[in-house]
Amino acid sequence: MSGKRVSHRNGNSPDYNIVLLGELGVGKSALTVKYITRRFIMEYDPNIEDTYTKHEDIDGTEMCIHVMDTYDKEDSDPLRYLRWADGFMVVYGITSRQSFDKAREYLESVTQYLKANSKDSPVALVGNKIDLERYRQISKVEGNTLAQEFESLFFETTAAEEFEYVEDVFHGIIHEIQREKGDRHVNFQPLFISEEKFHAAQRRPKSPRAGPDKKEDKGPTKKNSSSFKLFNKSFKIFN
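My aim in this report is to walk through the structure given alongside it, one point at a time. Bear in mind that the values here come from a model prediction, so they are computed numbers and not experimental data.

With that out of the way, let us pick up empty space enclosed by the protein. For the structure on display, the rule yields two cavities of 30 Å³ or more. Volume-wise, the largest cavity comes out at about 80 Å³. Around the largest cavity, the lining comprises 14 residues; the ones closest to its centre are Leu24, Lys28, Ser29, Tyr44 and Pro46. Tallied by class, the residues present in the lining of the largest cavity amount to five nonpolar, four polar and five charged.

This part covers the packing of aromatic side chains. In total, this model carries two aromatic pairs according to the counting rule given. Between the aromatic rings of tyrosine 35 and phenylalanine 170, the centroid separation amounts to 4.1 Å while the plane-to-plane angle is 5°, which identifies the pairing as stacked. Of this pair, tyrosine 35 sits in helix 1 (residues 28-37) while phenylalanine 170 sits in helix 5 (residues 163-181), and the two are 135 residues apart along the sequence. Its relative accessible area of 1% is what places phenylalanine 170 among the buried residues.

This part takes up the pairing of strand 6 (residues 123-128). Counting buried positions along strand 6 gives six out of six residues, so the element sits mostly inside the fold. Burial along strand 6 is two-sided: the face carrying Val123, Leu125 and Gly127 and the face carrying Ala124, Val126 and Asn128 are both buried. Bridging between strand 5 (residues 87-93) and strand 6 involves six bridges; their strand directions are parallel. Each bridged residue has a counterpart across the sheet, and for tyrosine 92 the counterpart in strand 6 is glycine 127. Crossover handedness for the path strand 5 to helix 3 (residues 97-116) to strand 6: right-handed. Where strand 6 meets strand 7 (residues 153-156), four bridges bridge the pair, whose relative direction is parallel. Residue pairing across strands places leucine 125 opposite phenylalanine 154, the latter belonging to strand 7. Between the parallel elements strand 6 and strand 7, the chain passes through helix 4 (residues 140-149) in a crossover that is right-handed.

In this structure, serine 118 is a non-glycine residue whose phi angle is positive, near 50°. For serine 118, the location among the structural elements is in the loop between helix 3 and strand 6. On the accessibility criterion, serine 118 (65% relative accessible area) is exposed. Despite not being glycine, glutamate 151 shows a phi value in the positive range, around 55°. Its location among the elements puts glutamate 151 in the loop between helix 4 and strand 7.

For any two helices packed against each other, the geometry comes down to the angle between their axes and how far apart the axes lie. Taken N-terminus to C-terminus, the directions of helix 3 and helix 4 make an angle of 10°; their axes are 11 Å apart at the nearest point. Classified by the angle their axes make, helix 3 and helix 4 are roughly parallel. On the side of helix 3, the interface is formed by Arg97, Phe100, Arg104 and Leu107, while helix 4 contributes Glu142, Gly143, Leu146 and Glu149.

Definitions and limits used
Residues numbered from 1 in each chain as written. Predicted model: local features only at pLDDT ≥ 70, side-chain atom pairs only at ≥ 80, totals over all residues. Heavy atoms only, no water. 1 Å grid on protein atoms, 1.4 Å probe; cavity = no way out; pocket = protein on both sides within 12 Å on 5 of 7 lines; lining within 4 Å. Points joined across faces, edges and corners; volume = space filled by probe spheres on them. Nonpolar A, V, L, I, M, F, W, Y, C, P; charged D, E, K, R; others polar. Phe/Tyr/Trp six-rings, centres within 6.5 Å; stacked < 30°, edge-to-face > 60°. Helix = DSSP H or I, 4+ residues; strand = E, 2+ residues; numbered from the N terminus. Buried < 20%, exposed > 50% of the residue type's maximum accessible area, 1.4 Å probe, protein only. Pairing = 2+ DSSP bridges. Right-handed = clockwise from strand over helix to strand, strands pointing away. Axes fitted to C-alpha atoms, helices over the stretch in contact; angles between N-to-C directions. Parallel < 35°, antiparallel > 145°, perpendicular 65-115°, else oblique. Contact = heavy atoms within 4.5 Å.

What follows is the structure in structure tokens.
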């Protein structure tokens, strides 16, 4: 891993580690950089693993979020992220049956590790690329069924459209990490992602190259103020 975890604790501000797992091409890097920078990337090196840091104020609590965008090779050791993570996001593309099958393998691996080590880190199954609805191979029902099988959270999202779709996923797993850790000093509002919001995203698919009507660069929202730090990873970033 070329990036290094950097601790940015400020008093009682918590640090949370999130790992993204999934087959090459499912959009792990796109989701990561969308969350960190609010921008969508279209070109990147998928063979680089790195860690990113973002400082956020979520529901009035300052925290430091570390995100590991993984690259698994045949000889790589999964313990590097299994031991490190406070929460896991297993990503597949809704347009790829192969990536969905690979997501099951990751869910099995993570679940076995957590049970063997008596850990209660939350796991989220994330179906990415809902902007490509017309090419869908994995139904939302099928994704939700797999998530229920492994008692994990379930989301569908896209890195190609509004920032809030990606933000909701990361905040959802952050809230679950807070619950598991028993961070009672952390105050947050319950997460609610409506069916209407998901269906709205699916009814209005847009090309990643849509141009002037894209909305992700809206500027900071009232509920979040954030800064970020990127380590040694080259991206072509589009506004």
